[in-house]
Amino acid sequence: MKKHINIPIFIPEAACPNRCIYCNQFRITDKLHSPSIDEIHVKIESYLSTIDTEKTEVEIAFFGGNFTGLPIEEQIAYLESVKPYFDKGVKGIRLSTRPDYINEEKVELLAKYRVSEVELGIQSTNQKVLSLCRRGYDVIEIDKAVGWLKRYEIPFGMQMMVGLPGGSIENEMQTALDIHNWGAISTRIYPLVPIEDSPLFDLMRKGEYHALSLDKAIMRSKLLLLFFENHQIKVLRIGLHPSKNLTIDTEPFHPAFGQLVKTSIWKDIFNAYLKDIGYTSDSIRISVAEKEMLYAVGYQSSNQNLLKLHFNKVNFIIDNTLKGRSYNVGIN
Ligand code: SF4
């Protein structure tokens, strides 16, 4: 399978007249202006100069704002600006937007420019949560957006959030189920991290909103990740990208959040294994697929250290014949 690379082009809040309760889009993207066409060309060419497009699937990704909320001429200008790169190995265009910025005219345009995936930032399918977050649309509008994307055969992903005001494990799992039922091919799971200069940050200061602890956010994201994996929905990201405005002190932000979630899944696997064998021994050798090694060993070797409480020597070995999180154990 080919490696995948996105060439990211960030379009900040300029396109968005909304103010969701948790948003300060400038801070999230660390960008204060929309990129010019020249800047886009420079960026794409610099990426392509380092990529072997024979071995890598490349997509140009308009992220950070709501692409289909831009004036139509701007959308066309951006789409036109990247069109020549289809002849230089770029496979497609992906972009993120809000469900209420999708209609037939917009989807027709995206289809014309061979947009390969639209990521809808739905965040939740619970009406109370959507209202508390001031998202400005309801589930019916999400459903309509999905209908247009399906009619024009544009694959779509859906981004969701964990720990929103009014959110719970139950309505987060329902959101995941709805994402599956709608037929999304991908998702991103973002734990809500209150950022300065957002209305939510003020509510938190007043004690009217309590952010999830890191542990709770890991646990809730883990349930979602396992659900999506079981339903063959690709999880493109778990956790926000590190940014100078998000520090490790702002719970539940952590720069390696996704790694912590996957570490926690392996921790559960090892705990079940230890409970099962019910004894300790001198040494243990655990084989896992290379892709899982980082998570099996654990963030800061936490899973290895857990096993060391039961075995004097703990070795991890790569075995690429193993699939997913399957593993083999040898004990001496
Ligand atoms: S839709 Fe996105 S960019 Fe617009 S206010 Fe909400 S979070 Fe911010």
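Residues numbered from 1 in each chain as written. Predicted model: local features only at pLDDT ≥ 70, side-chain atom pairs only at ≥ 80, totals over all residues. Heavy atoms only, no water.

A. Broad picture of the domain arrangement of the chain. Structurally, the chain comprises domain 1 (3-247) and domain 2 (262-331). For domain 1 versus domain 2, the distance between C-alpha centres works out to 34 Å. Each partner contributes residues to the interface: domain 1 has six residues there, and domain 2 has five residues. Summed over both partners, the interface of domain 1 with domain 2 comes to about 420 Å²; 61% of that surface belongs to carbon and sulfur atoms. Counting across the domain 1 and domain 2 interface gives two salt bridges. The salt bridge partner of K222 is D268, with a shortest N-O separation of 2.7 Å. At the surface where domain 1 touches domain 2, the tally comes to three residue pairs in polar contact (both at pLDDT 80 or more). (Domains from an automatic or database assignment. Contact = heavy atoms within 4.5 Å. Buried area = accessible area lost by both parts, 1.4 Å probe. Salt bridge = Lys/Arg side-chain N within 4 Å of Asp/Glu carboxyl O. Polar contact = N/O pair within 3.5 Å; in protein donor to acceptor, adjacent residues only side chain to side chain.)

B. Summary view of helix α2 (residues 37-48). Helix length check: α2, at 12 residues, gives a terminal C-alpha distance of 16 Å against a target of 16 Å (1.5 Å per residue), a fit within 8%. Among all positions in α2, only I40, I44 and L48 are buried. One side of α2 carries all its buried residues, which in axial view fall inside an arc of 60°. Seen from the buried face of α2, the exposed residues on the opposite side, beyond 90 degrees, are D38 and V42. (Helix = DSSP H or I, 4+ residues; strand = E, 2+ residues; numbered from the N terminus. Expected span 1.5 Å × (residues − 1). Buried < 20%, exposed > 50% of the residue type's maximum accessible area, 1.4 Å probe, protein only. Arc of directions from axis to C-beta.)

C. A look at the pattern of salt bridges. Scanning all chains against the criterion turns up 14 salt bridges. The partner of D52 in a salt bridge is K55, with the nearest N and O atoms 3.9 Å apart. Given the relative accessible area of 36%, D52 is considered partly exposed. Salt bridges here are not isolated pairs; linked through shared partners, they connect E57, E59, K91, R94, E117, E119 and R188.

D. Fine view of the pairing of strand β5 (residues 156-162). Burial within β5 is extensive, with seven of its seven residues counted as buried. The two faces of β5 match: F156, M158, M160 and V162 on one face and G157, Q159 and M161 on the other face are all buried. In this sheet, β5 lies alongside strand β4 (residues 115-123) in parallel orientation, the contact comprising five bridges. Bridge pairing in β5 places G121 opposite Q159. The pairing of β5 with strand β6 (residues 186-191) spans six bridges and is parallel. Each bridged residue has a counterpart across the sheet, and for V162 the counterpart in β6 is P191. Once the chain exits β5 it traverses helix α7 (residues 169-182) before rejoining the sheet at β6, and the crossover so formed is right-handed. (Pairing = 2+ DSSP bridges. Right-handed = clockwise from strand over helix to strand, strands pointing away.)

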